[in-house]
Amino acid sequence: MTAYPLTWLYVPGDRPTIVTKALAAGADVVVVDLEDAVAPDRKEYARAATAELLAEPRPEVHVRVNALGSPWAADDLRALAPLPGLSGLRLPKVTSAEEVVAVAERAPGLPLYALLETALGIERAFSIATAHPALRGITLGEADLRADLGVREEAGLDWSRSRVIVAARAAGLAPPPQSVHPDIRDLEALAASCAHGRALGFLGRAAIHPRQLPVIERAYLPTAEEIEQAETVVKAAMREKGAQALPDGRFIDAAVVAAAQRTLTLARRT
């Protein structure tokens, strides 16, 4: 996986044709969804189709398995965890560190990503983020969280968003990607939402349609001005160690330099 994946494209596991198209859509990660996108009477078919897909190595395919308390989760893990084409597991509705540990023990060696979709999950964000070395990231499932909290306005989720971002960074994890934008037609609203998410500290975003991918990339890649500023900071740091003031009056220290280096790394994706 790229050091800074920006796009995570979700596709329903019971639609193999759509999964095949998604693999060619250019997303950094394709997430085959066995949970919300699959009706109960299609769960076994979706699992079998996904197992067939993952029987051979593939670039960056994750699976969102069913929630641990569901009737299907154990079978999902048993069937899919050993397969060579699986690069990571997305764990829905996580509410405790113990759930992460339980999956890590059943699927040794696989990177895990926890989705926090309830008030309890948000409250325990840091505990979950530090549950096990196999956990590589946490993020929000905003649709379920919105329902759990009774939130109607978009701004009502900002505290939860910031909580998850801070918990991830405090645990030494990468900044989390934003949750999906459900309207696949309104790309202008998607761009505005991404700009807000980037300002909060998210990095990248989950998508549910390929047309959303370039909008997300444009929103999260550094601008030409940001790249120029980062280059100035890094060059100054190479000339002189320690804290210093740039000619334009900006003060830089080790943290500012590290942020500038991350910006340049992200810019080199293209």
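Residues numbered from 1 in each chain as written. Predicted model: local features only at pLDDT ≥ 70, side-chain atom pairs only at ≥ 80, totals over all residues. Heavy atoms only, no water.

Q: When you look at the overall build of the protein chain in this model, what are you seeing that I'm missing?
A: Scanning the protein chain from terminus to terminus reveals twelve helices and nine strands. The globule rule puts the C-alpha radius of gyration for 270 residues at 18 Å, and the 19 Å found for the protein chain is close to it. On the principal axes, the C-alpha backbone points of the protein chain span a range of 65 × 40 × 35 Å. With 270 residues in all, the protein chain has 47% of them scored as buried. Partitioning the intrachain contacts of the protein chain with sequence separation of at least 6 by distance along the chain shows that 64% fall at a separation of at least 24. Charge-centre separation for the protein chain: the mean point of 30 positive side chains lies 3 Å from the mean point of 34 negative side chains. (Helix = DSSP H or I, 4+ residues; strand = E, 2+ residues; numbered from the N terminus. Rg over C-alpha atoms; globule rule 2.2 N^0.38 Å. Buried < 20%, exposed > 50% of the residue type's maximum accessible area, 1.4 Å probe, protein only. Contact = heavy atoms within 4.5 Å. Lys, Arg positive; Asp, Glu negative; His and termini not counted. Charge placed at Lys NZ, Arg CZ, Asp CG, Glu CD.)

Q: Would you mind showing me how to read the environment of Pro182 here?
A: Structurally, Pro182 can be placed in the loop between helix H8 (158-170) and helix H9 (187-200). Residue class for Pro182 comes out exposed when judged on its relative accessible area of 65%. Taking the C-alpha atoms as reference points, Pro182 and Arg262, 80 residues apart in sequence, are found 29 Å from one another.

Q: What exactly am I supposed to notice about H8 here?
A: Because the α-helix completes a turn every 3.6 residues, residues three or four places apart line up on one side. Here H8 spans 18 Å end to end across 13 residues, near enough to the 18 Å set by a 1.5 Å rise per residue. In this fold, the buried residues of H8 make contact with strand S5 (112-116), helix H5 (119-123), helix H6 (125-129), strand S6 (135-140), helix H7 (142-149) and H9. Following H8 by one or two positions, Gly172 has its phi on the positive side, about 80°. (Expected span 1.5 Å × (residues − 1).)

Q: I'm lost on the sheet that holds strand S4 (residues 88-91) in this one. Help?
A: The strand order across the open sheet formed by seven strands is S6-S5-S4-S3-S2-S1-S7, and the pairing between neighbours is parallel. The outermost strands of the open sheet, each flanked by one partner alone, are S6 and strand S7 (205-207). Each strand axis lies, on average, 25° off the axis of its neighbour in the sheet, ignoring direction. Two strands pair when backbone bridges link them, and strand S2 (residues 29-33) and strand S3 (residues 61-64) are joined in this way by four bridges, in the parallel orientation. Paired with Asp33 across the two strands is Arg64, which belongs to S3. Its contacts with the sheet place helix H1 (residues 16-23) against strand S1 (7-12), S2 and S3, and it is angled at close to 165° to S1. (Pairing = 2+ DSSP bridges. Axes fitted to C-alpha atoms, helices over the stretch in contact; angles between N-to-C directions.)

Q: Even after reading the chapter, I still don't get H9, so can you show me in this structure?
A: For H9, which comprises 14 residues, the first-to-last C-alpha distance of 20 Å matches the rise-based estimate of 20 Å (1.5 Å per residue) to within 8%. When we look at burial in H9, the residues that qualify are Leu190, Ser193, Cys194 and Gly197. Considered in projection along H9, the buried side chains sweep an arc of 105° and stay on one side of the axis. Summarising the geometry of H9, the exposed residues directed more than 90 degrees from the buried face are Glu188, Ala192 and Ala199. Backbone geometry just downstream of H9 places Gly201 in the positive-phi region, at approximately 120°. (Arc of directions from axis to C-beta.)

Q: Can you walk me through the pairing of S1 in this structure?
A: Two faces belong to every sheet, and in a regular strand the side chains alternate between them. Burial of S1 is extensive: six of the six residues sit out of reach of the surface. Side chains Thr7, Leu9 and Val11 of S1 all project onto a buried face; the interleaved residues Trp8, Tyr10 and Pro12 project onto the opposite face, where all are buried too. Judged from the three bridges that link them, S1 and S7 form a sheet pairing that is parallel. The residue of S7 that forms the bridge with Trp8 is Ala206. In the sheet, S1 pairs with S2 via five bridges, with the strands oriented parallel. Paired with Tyr10 across the bridge in S2 is Val31.

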